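# Understanding the architecture of this molecule
Residues per chain, in single letters:
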Amino acid sequence: MAAQPAAIDPQSAVPSAQAGSGGQGKRPRRTGWRRLFPTWRMVLGTFVVGVLLLIGLFALGYSMVKIPPANALATKQSNVYLYADGTEIARDGKVNRESVGLAQISKDAQHAVLAAEDRDFYTESAVDPKAMVRAGWNTATGKGKQSGSTITQQYVKNYYLGQEQTVTRKVKEFFISIKLDREKSKNDILEGYLNTSFFGRNAYGIQAAARAYYGVDAMSLDPAKGAYLAALLNAPSEYDVVAHPENKGAAEARWNYVLDGMVKKGWLSSSQRAGMKFPMPKEANASTGLSGQRGYLLDAIKDYLQENKIVDADQLAAGGYRITTTLQKSKQDAFVNAVNDQVMSKLDKKNRKVDNYVRAGGAAVDPRTGKILAMYGGIDYVKQYTNNATRGDFQVGSTFKPFVFTSAVENNSRTQDGRPITPNTIYDGTNKRPVQGWSGGVYAPENEDSHSYGDITVRDATDKSVNAVYAQMAVDVGPARIKQTAVDLGIPSGTKDLNPYPSIALGTATASVLDMAEAYATLANHGERSTYTLVDKITKDGDDVGGLPEQKTEQAVSREAADTTTSVLQSVVQNGTATSALAAGRPAAGKTGTAEEDTAAWFAGYTPDLATVVSVMGQDPVTAAHKPLYGAMGLDRINGGGAPAQIWAQFTKEALQGKPTKDFDLQLQAGADQTLEPSTSPSDQPTGTTGTQDNGGTTGDQGTQGQDQGQAQGQSDGGTTSSGGPTDPGGTTGTGGAPGTGGTGTGGGTDTGGATGAGGTTGTGGTTGAGGTTGDAGTTGTGGTTGDGGPTGPGGPAGGVGF
């Protein structure tokens, strides 16, 4: 039997592939402690996967995170309102921020912030991982909480995101910072950061901070002040050394850190640094708010901007405007002082009920430029909301009379009997004298205290504010012409009760104090009206907004008309109802006025350099109804020559203090110094029935009777006929051209018609009395001007006692 092969041990068998010399066996398995550590292959693989994952996540995050619009807080700004010298009037809006361009921030302040927050800002990337790690380590080891953020990251947090400390916000901040750094320049980012950072004292942005702590603009910050504001960024509330004097040591340490950084970076010399002292900030201002005059001024400024279509209400509400006005702080303060001294200090509201009704308003204008220099709106905006300088609901009284005389000179107007109207023209000043030449019905206004003056010159009638004279003059000139002259001088055409009736002369119109100041400024400027303005400059985010009305002047009325009026108004101050104005110590012209029932007293006056109008008004504080001022301040009555003129005098004296005294340089109308006697005494002329007069009695230029807009109205109400205006053959005024009386028609009688001037022709076509026949004369000649018509009644609406 064959022998069997020996058994083979399977563990000792070696595969043929590995049996040869030079063959390699499998890697021996790792045993023991070596199994706890990854192989280099595992490390490399994990690293590669991790890097790929990070790149993927970065790409995903970069693509998903968009730069959002600015948050509401970052863009919200206050509007800043300034006096002409840059002194702040007020701010509106809850957020105290005023954005400015980088060029409007001093280099010292920029460098101080960089030294405090990010010294390598201009050379580093948008994010700094090393700083983030360092900040985390310092925070963890108790060295203080630090953000580790670059200025770009801080700007992103302030402007686009918020202050919440969450991982999501930090991730967004990271990606937005990188994107922003690619899309914006370093200067743009720094500018945004400086305008959005919080500095304490409710100041957002370095401009607001500079004003809040040092009362200067950001452009004026020196290294010391800039370093302190930069130090505040680290701890705004704690480092306010005025509010927290106990923290002054820490604040100074941070301040020194900033300055040392500026030296290290070469932004500040060692010698400058050595001599620098800590710049103690000023006391924090109380909230400007709207109290006192501020609210009145802001309302007037906003109205001006909107009425002139410079900035609308929505744009203002968004904020960010820096509005420099024409108002001068010294004059504004002088106005407040004058009102307080002459009126408010004399009120006894507890013991005199009427004293609770007293209000005051005022405005001052530079006659040459039209700039509004001061405005008094009331005792306190938060107590009396309505601006008494701009409201238009009180009659202006006899302060309107100068416009009547100006219109007379401007239009070469003549009296009913053909005499040119000059300061020395004689009128009948009899109390309740019915006006002649007005077809609208009987109008016989009362003089102050029912006093009759008889024959009186225009100058004296102005001194004494004689209503009878000016009502007649209004008819002689033509009420429509007077209205136009007032508008040309500066009274808005839409002013309530500025109507073409004889009563216009007595001041029934309810123009505002500011409107009257503008009109009187035109008189002071020899009839040249300058474009009035309240705003000198307006910017937003450092850029000029523009759109302000072009400054220009136009000859509203002739120089002779304005200057002759000034000469008459000088007499009012020297000899008439406004002698209180002499206390200003300056050559002055002006006119007093009193509204119907003494609800308001006015004084409107000017020197060659300043036109100012003041009104003291009566208003119930509960019902807002107009109230008479009888007994106010313990006086029987308040008229224009009292408190208003006294306020005017004190204000004018203080406002012009130090300015050389200047006299008026006047060019008067021809014949202004000649007294023109009437052909018969005005008081002796028969008046007949006022309703019978037509409006053709005034004479046009150079003696000819100019043609007006109406037709002769010869028809009477009760059968009487009116007289025609006399003419001579050549169109010049006849010497005997006084109006006839007109007879009363009684069942068919004819009237006598108007008297014909020497050599004049007779008109044709008289009016018919009640049941009567036609008279043989009575209509005006072809050149006779007619009045302005008007509603039936005594010269239009009653009112405007003047005085």
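From a predicted model like this one, the values you see are computed outputs, not experimental measurements. Along each chain, numbering runs from 1 in the same order as the chain's sequence is written. Residues qualify for local features only when their pLDDT is at least 70, as the model is predicted, and side-chain atom pairs are given and counted only at 80 or more; totals for whole chains, interfaces and linings, by contrast, use all residues. Values shown for side chains rest on all heavy atoms present in the structure; no hydrogens or waters enter the calculation.

### Topic: the environment of Ala224
Positionally, Ala224 belongs in helix α10 (residues 223-232). With 115 residues separating them along the chain, Ala224 and Ala109 place their C-alpha atoms 8.8 Å apart. Excluding residues that lie within four positions of it along the chain, Ala224 makes contacts with Trp255, Met276, Lys277 and Pro279. The way it works is that DSSP assigns letters per residue, a run of H or I at least four long becomes a helix, a run of E at least two long becomes a strand, and they are numbered from the N terminus. In this analysis, two residues are considered to be in contact whenever any of their non-hydrogen atoms come within 4.5 Å of each other.

### Regarding the side chain of Thr564
The residue Thr564 is located in helix α21 (residues 559-575) in this model. Between buried and exposed lies partly exposed: a residue is buried under 20% and exposed over 50% of the maximum accessible area for its type, with that area taken using a 1.4 Å probe on protein chains only. For Thr564, a relative accessible area of 0% corresponds to the buried category. Beyond its immediate chain neighbours, meaning those up to four positions away, Thr564 contacts Phe405, Pro423, Gln667, Leu668, Gln669 and Ala672.

### So, the packing of helix α4 (residues 107-117) against helix α11 (residues 248-264)
Under this scheme, a helix contributes an axis fitted over its contacting stretch, all axes are lines through C-alpha atoms, and angles between N-to-C directions fall in the 0 to 180 degree range. Closest axis-to-axis distance for the α4/α11 pair is 8 Å, and the angle between their directions is 105°. Taken as axis vectors, α4 and α11 run roughly perpendicular relative to one another. Between α4 and α11, the residues in contact are Asp108, His111, Ala112, Ala115, Ala116 and Glu117 and Arg254, Tyr257, Val258, Gly261 and Met262, respectively. Each residue gets one label: Ala, Val, Leu, Ile, Met, Phe, Trp, Tyr, Cys and Pro are nonpolar, Asp, Glu, Lys and Arg are charged, and the others, such as Gly, are polar. For the contact of α4 with α11, the residue count by class is six nonpolar, two polar and three charged. For classification purposes, an angle smaller than 35 degrees is called roughly parallel, one larger than 145 roughly antiparallel, one from 65 to 115 roughly perpendicular, and anything else oblique.

### Observations concerning helix α15 (residues 329-342)
Taking 1.5 Å per residue as the helical rise, α15 with its 14 residues ought to reach 20 Å, and the 20 Å between its terminal C-alpha atoms agrees with that figure. What α15 keeps buried is the set Lys331, Gln332, Ala334, Phe335, Ala338, Val339 and Gln342. Down the axis of α15, the buried side of the element spans an arc of 160°, and every buried residue falls inside it. Next to the buried residues of α15 lie α13 (294-307), β6 (358-365), β7 (372-376), β16 (611-618) and α22 (643-655). Working rule for helices: expected span equals 1.5 Å times residues minus one. Directions pointing from the helix axis toward each C-beta atom define the arc.

### Describing the sheet that holds strand β14 (residues 589-594)
If you trace the five strands from one edge of the open sheet to the other, you get β7-β6-β16-β15-β14, paired in antiparallel fashion. Each edge of the open sheet is held by one strand with a lone partner, namely β7 and β14. Taken pair by pair, the neighbouring strands of this sheet meet at an average axis angle of 5°, ignoring direction. Two strands qualify as a pair provided that DSSP identifies no fewer than 2 bridges between them.

### Digging into the packing of helix α16 (residues 401-410) against helix α19 (residues 479-489)
Axis separation between α16 and α19 bottoms out at 9 Å; the angle between their running directions is 105°. Taken as axis vectors, α16 and α19 run roughly perpendicular relative to one another. Contacts between α16 and α19 involve Phe403, Val404, Thr406 and Ser407 from the former and Arg481, Ile482, Thr485, Ala486 and Leu489 from the latter. Each residue belonging to the contact of α16 with α19 can be placed in one class, and the counts come to five nonpolar, three polar and one charged.

### Let's talk about the packing of aromatic side chains
Each Phe, Tyr or Trp ring (for Trp, its six-membered ring) is paired with any other whose centre lies within 6.5 Å, and the angle between the two planes then decides the class: stacked below 30 degrees, edge-to-face above 60, tilted in between. Per the stated rule, a full pass over the model turns up 16 aromatic pairs. Seen from their ring centres, Tyr228 and Phe278 are 5.4 Å apart, and the 90° between their planes marks the pair as edge-to-face. Highlighted residues: Tyr228 in helix α10 and Phe278 in the loop between α12 (270-274) and α13, separated in sequence by 50 residues. Accessibility classification places Tyr228 together with Phe278 in one group, the buried group. Three or more aromatic residues joined by ring pairs form one cluster here, namely Tyr213, Tyr214, Tyr228, Trp255 and Phe278.

### What about unusual backbone geometry?
Phi is positive for His526, close to 60°, though the residue is something other than glycine. Secondary-structure assignment places His526 in the loop between α20 (513-524) and β10 (528-530). At Met633, a position not held by glycine, the phi torsion is positive, near 60°. Here Met633 falls in the buried class, since its relative accessible area comes to 12%.

### What to know about the environment of Val513
You can see Val513 is positioned in helix α20. Sequence separation of Val513 and Ala364 is 149 residues, and the distance between their C-alpha atoms is 9.4 Å. Sequence-distant contacts of Val513, defined by excluding residues within four places in its chain, comprise Gly361, Gly362, Ala363, Asn388, Ala389, Arg391, Trp602, Val613, Ser615 and Met617.

### Describing the sheet that holds strand β1 (residues 79-82)
Strand order in the open sheet made by the five strands is β2-β1-β5-β11-β12, with mixed pairing throughout. Strands with a single pairing partner mark the edges of an open sheet, and in this sheet they are β2 (88-92) and β12 (543-544). When β1 meets β2, the two strands line up antiparallel, connected through four bridges. From the neighbouring strand, Leu82 faces β2, where its bridge partner is Glu88. Sitting on the sheet, α13 is in contact with β1, β2, β5 (321-325) and β11 (535-540), with an inclination near 75° to β2.

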